[in-house]
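# Observations on the three-dimensional arrangement
Read off the chains here:
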Amino acid sequence: MRYAETGYNLEVDLSRGNIERVETDPRLTELHLGGLGTNARILWDRVPPETEPFSPDNPLILSTGLLCGTPAPGANRTIVTTISPLTRYLAYSMMGGFWAPELKYAGYDKVILRGKSADLVYLYINNDKVEIRDASHLRGKGSNETAELIRRELKDPNVQVSAIGLAGENRVFFASIEQGRSSASRGGIGAVMGDKGVKAVAVRGTKDVNIARPAEFVELCNGVLRYIKDRESKPIPGVMPILAGLGSPQEMKLIDEEWHTTNFMWGNSRTRRKDFWTKDIEEKWRETQESVRTRLISCYNCPMKCGATISVPGVATYMMKCFTKLTYTMAAFSDLDFGFRIAQRATEYGVDGFSAPQVMAFALELLEAGILKESDVAGMPADNEGKFYWLLDRIVRREGIGDVLADGTYWAAKKLGSGAEEYAHNNIKKQEQLPLKLGMLNPVYYLMYSTGEKINITQIEGQFPQAPFMTKEETEEFIRDWIHVPDDRFKEYLRKWEFRGEFSNPYYPDIQASCDIVDWQEMMHYIDDALGMCAGLSSFPLKPPYHIHNYPSFITAATGLDMDEAGLAKITRRNRMLVRSVNVRRGLRRADEKPPEDHWKKRFPELEQELLSTYYKFKGWNMNGIPTREKLEELDLGYVAEDLEKRGILKDGQD
Ligand code: SF4
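What counts and how
Residues numbered from 1 in each chain as written. Predicted model: local features only at pLDDT ≥ 70, side-chain atom pairs only at ≥ 80, totals over all residues. Heavy atoms only, no water. Disulfide = S-S within 2.5 Å. Buried < 20%, exposed > 50% of the residue type's maximum accessible area, 1.4 Å probe, protein only. Core = buried A, V, L, I, M, F, W, Y, C linked by side-chain atoms within 4.5 Å. Helix = DSSP H or I, 4+ residues; strand = E, 2+ residues; numbered from the N terminus. Contact = heavy atoms within 4.5 Å. Polar contact = N/O pair within 3.5 Å; in protein donor to acceptor, adjacent residues only side chain to side chain. Domains from an automatic or database assignment. Buried area = accessible area lost by both parts, 1.4 Å probe. Nonpolar A, V, L, I, M, F, W, Y, C, P; charged D, E, K, R; others polar. Pairing = 2+ DSSP bridges. Axes fitted to C-alpha atoms, helices over the stretch in contact; angles between N-to-C directions. Salt bridge = Lys/Arg side-chain N within 4 Å of Asp/Glu carboxyl O.

Before going further, it helps to examine the state of the cysteines. Two cysteines, two sulfur atoms, one covalent bond between them: this is a disulfide. Scanning all chains against the criterion turns up zero disulfides. In this model Cys221 remains outside any disulfide bridge; the closest cysteine sulfur is found in Cys302, 12 Å from its own. By relative accessible area, Cys221 is classed as buried at 3%.

Listed below in structure tokens is the structure:
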């Protein structure tokens, strides 16, 4: 009997219309757990580096995590993996909501889509019955609209639907997959789904998931719920509001947006409005938010209620995704009401809420600079908000200039030339980044930004505070019940950290401390991404209920695998190395690991290179960012080393 996982994947060949239920190898669970880990293994084994994102051979994997469908609070993430049209590397994007647990209850751990359908279709999974159904009547429909139409068609309100909108159908490079209460947005995975001719995957499951030691597991889960309740009554003092509690940035509960609006850049990630936030703005934004927020809602089996249903007069109800509330507002130099309005249309179209607003602001900058001509935007309204709606409509339809912009700022700038590349300034690995710009280089952030392969900073940062506390007393108070640290070195790192002087940014945390902190934070994310755990209860916030010391017990009780901290750390490093290796085989090198030039006002080129070199060494990568044979063998990835050597990427195990 298989525990926690079902032991079966659903393999769908869209070109041939073939559907197979395939038993998986339990040894792969021992090596990689599930979720991202086994997704990366499939990509390594099946997808040669020459495979183009829109090739029929590029699979789109919608995976549950190992703990999804178990009673573990917050274990509800779907991990979507494919080769990204935007970055051309492995994309992995998460969505919360209800889809992954439903797939487990239908009896599958993953849905692997390959090939391409000649006509637009949707997949209907109802326990053992799986059908490819005609979706021609859904062409052009919004993502939420599609979900609703499918539920009506199937006469089942409990079907969970992941769908693309017009952006995915038209292969917009930053198209998302939407799921009503969440979305998987980064890396243009929605474009790959559209390219395969799949409008939606609808799932209904009524089976059970087996747990190896049920009583022990349920007691662990109850402990998490008790911890959440206690932790929620004790917000952490001395940190920005968004970090004081748990959850996946609880933007919909939060009204105080001073930190984001004064620290993040507006427009095309260029303009900082230090004095923007005033009492008047706070009052106005409070009124707006409270008037449109009809209900706070949670993902499957979670008490946190991070999301909210939004009902703006004249606009269909939808769910706001955390930071999207601000991205359109800030890109357009507009107010919160505009953000809530345009986000509904963007959600139906299915676009990434980080990239889409930046691409539109980039277009307007190019127009101001004379790189785009008035003839390129003939018919665009004169008012600012109208311009954003106009551009969004054209991007998702790939009409006129929208066709160029639909490839994202990196590729659009290359196509446009005439100096446009200077305006595509906020990319790492070809993808638009969070518009955060800091005054002083922060070495931990520098490493996370540079080397992260999830390409989403909020999904890399984590359990170490983002800044030192103001006083020694606050620091000690924080450390008092900081049980989450892997070991006491991290407490010392925090104790020494100061706002000014020798032990402050950019030289502190020092290089070794920075490597340790980034490695810890990354490890937690890779665990979550294999287990399907929401980062909001684990790798992202300070003092979460899940951490490196209690995760092994959850895994053991759920799966029956004999897991300890060292074993879990090794699996995580193996998964991380495999993701790296897929990307290295596709061409990722040191030169790509470079944050935007203006991410920090003051740059320290020598220090940055030293940080990168030391971190590479620490991870077992050579100076070009390529995993060494020695490290690969240590992680039971000798077959990867052989492949990299055969391709001439590794020589003598090193370079
Ligand atoms: S913490 Fe928030 S985002 Fe995460 S599972 Fe719970 S409700 Fe969803």
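What follows covers the nonpolar core. Residues Leu33, Phe217, Ile310, Phe340, Phe464 and Leu644 are the most contacted members of the largest nonpolar core, which totals 125 residues. Among the elements that take part in this core, helix α20 (residues 511–531) stands out by supplying 12 residues, more than any other. In contact with Leu644, not counting residues within four places along its chain, are Trp44, Val584, Arg585, Ile626, Leu632, Ile649 and Leu650. Counting residues in hydrophobic clusters, the runner-up holds 73 residues, among them Phe174, Leu391, Val404 and Ala406.

A word on the environment of Thr294. Tracing the chain through its elements places Thr294 in strand β13 (residues 293–297). Put simply, Thr294 and Met319 are 25 residues apart on the chain and 10.0 Å apart in space, counted from C-alpha to C-alpha. Excluding residues within four positions of it along the chain, Thr294 makes contact with Thr309, Ile310 and Ser311. Among the polar contacts listed, one links the side chain of Thr294 to the side chain of Thr309, at a separation of 2.8 Å.

Moving on to the domain arrangement of the chain. Segmentation of the chain into domains returns domain 1 (8–204), domain 2 (241–429) and domain 3 (438–646). Look at where the C-alpha atoms of domain 1 and domain 3 centre, and you get two points 28 Å apart. Listed as interface residues are 37 residues of domain 1 and, on the opposing side, 37 residues of domain 3. Summed over both partners, the interface of domain 1 with domain 3 buries about 3300 Å², with 66% contributed by carbon and sulfur atoms. Across the domain 1-domain 3 interface, the total number found is 20 residue pairs in polar contact (both at pLDDT 80 or more). Counting residues per element, the ones that place at least two in the side of domain 1 that touches domain 3 are α1 (26–32), α2 (35–46), β4 (78–83) and β5 (90–95). Broken down by element, the side of domain 1 that touches domain 3 gets its largest block of residues, eight residues, from α2. Looking at the side of domain 1 that touches domain 3 residue by residue, the classes come out as 21 nonpolar, 10 polar and six charged.

Overall, mixed pairing links the six strands, which are arranged β2-β1-β6-β3-β4-β5 in an open sheet. Unpaired on one side and paired on the other, β2 (18–23) and β5 mark the two borders of the sheet. Across the sheet, the mean angle from the axis of one strand to that of its neighbour is 15 degrees, orientation sign disregarded. Pairing of β4 with β5, which is carried by six bridges, proceeds in the antiparallel orientation. Paired with Thr81 across the bridge in β5 is Tyr92.

Moving on, we get to the sheet that holds β13. Ordered in space as β13-β14-β15, the three strands form an open sheet in which the pairing is antiparallel. Looking at the sheet topology across the chains shown, the edges are occupied by β13 and β15 (318–320). Within the sheet, the average angular offset between the axes of one strand and its neighbour, ignoring direction, is 35 degrees. Examined bridge by bridge, strand β14 (residues 307–310) and β15 share three bridges and lie antiparallel to one another. Across the sheet, Thr309 pairs through a bridge with Met319, a residue of β15.

For the rest of this paragraph, the subject is the pattern of salt bridges. Where side chains of opposite charge bring their charged atoms close, a pairing between them can arise. On inspection of all chains with the given rule, the structure shows 60 salt bridges. We note a salt bridge from Arg186 to Asp352, for which the minimum N-O separation is 2.8 Å. A residue pair is termed long-range when its members are at least 10 positions apart, and Arg186 in the loop between β11 (183–184) and α6 (189–195) and Asp352 in the loop between α12 (336–349) and α13 (355–368) qualify at 166 residues. There is no split in this pair, since Arg186 and Asp352 are both buried. The residue Glu633 makes a salt bridge to Arg629 at a minimum N-O spacing of 2.5 Å. With Glu633 and Arg629 both in helix α24 (residues 629–634) and four residues apart, this pair spans about one turn of that helix. Several salt bridges converge on common partners, so that one network encompasses Lys429, Glu453, Asp519, Glu522, Arg573, Arg576, Arg580, Glu593 and Lys619.

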